[in-house]
Amino acid sequence: SIGYYGYSKDISFVFPNDEFVINADRDLLEMLFVNMLTNAIDAIEDDENDSGSVNLGYNYDKIYHIFTVSDTGKEIENKKRIKAITTIEAPLGIEK
């Protein structure tokens, strides 16, 4: 869905190469990733640079699937407004 989100700058995207299976609510996961990626794109759009990059990282620690999103865009000014989802686990049935 990134292709449908309008942005004007040259943005490169880096996605994990790892293969994994997550048996969970597809709509919930899509909403989570769309939100994180569009926030990263917006931060790059708000930055003064003409280009930027978004990196989606992945790690599995034998219990949790851990995803991170980082970007080269404008830093978050009001860090008190950051909302973090720490875990999404059973009963969604997450498995490696």
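Note that the structure is predicted; figures quoted are calculated from it, not measured.

(A) How the structure looks around the pairing of strand 3 (residues 65-71). When strand 2 (residues 51-60) meets strand 3, the two strands line up antiparallel, connected through seven bridges. Considered in strand 3, the bridge of Tyr 58 is made with Phe 67. Hairpin remark: strand 2 followed by strand 3, antiparallel, with four residues in the connecting loop; positive phi at Lys 62, about 75°.

(B) Representation of the pairing of strand 1 (residues 10-14) within the structure. With five bridges joining them, strand 1 and strand 2 adopt parallel strand pairing. Looking at the pairing, Phe 13 lines up with Val 54 of strand 2. Assessed by its sense of winding, the connection that carries the chain from strand 1 through helix 1 (residues 26-46) to strand 2 is left-handed.

(C) Spatial organisation of the confidence of the model for the chain. Looking at the chain, the pLDDT average stands at 82 and 81% of residues meet or exceed 70. Scored below 50 in pLDDT, residues 89-96 makes 22 contacts in the model with residues more than four places away or belonging to other chains.

(D) How the structure looks around the packing of aromatic side chains. This model, assessed by the stated rule, comprises six aromatic pairs. Measuring from centroid to centroid gives 6.1 Å for Tyr 7 and Phe 13, while their planes differ by 65°, and the two rings are edge-to-face. Measuring from centroid to centroid gives 4.1 Å for Phe 20 and Tyr 58, while their planes differ by 20°, and the two rings are stacked. Taken together, the residues Phe 20 in the loop between strand 1 and helix 1 and Tyr 58 in strand 2 connect sequence positions 38 residues apart. Taken together, the ring pairs in this structure connect Phe 20, Phe 33, Tyr 58 and Phe 67 into an aromatic cluster.

(E) Structural context of unusual backbone geometry. Unusually for a residue other than glycine, Lys 62 sits at a positive phi of about 75°. Tracing the backbone shows Lys 62 in the loop between strand 2 and strand 3.

(F) Quick peek at the sheet that holds strand 2. Strand order in the open sheet formed by three strands is 1-2-3, with mixed pairing between adjacent strands. Where the open sheet ends on each side, the last strands, each with one partner, are strand 1 and strand 3. With direction set aside, neighbouring strand axes in the sheet form an average angle of 10°.

Rules used in this analysis
Residues numbered from 1 in each chain as written. Predicted model: local features only at pLDDT ≥ 70, side-chain atom pairs only at ≥ 80, totals over all residues. Heavy atoms only, no water. Pairing = 2+ DSSP bridges. Helix = DSSP H or I, 4+ residues; strand = E, 2+ residues; numbered from the N terminus. Right-handed = clockwise from strand over helix to strand, strands pointing away. pLDDT = per-residue confidence, 0-100. Contact = heavy atoms within 4.5 Å. Phe/Tyr/Trp six-rings, centres within 6.5 Å; stacked < 30°, edge-to-face > 60°. Axes fitted to C-alpha atoms, helices over the stretch in contact; angles between N-to-C directions.

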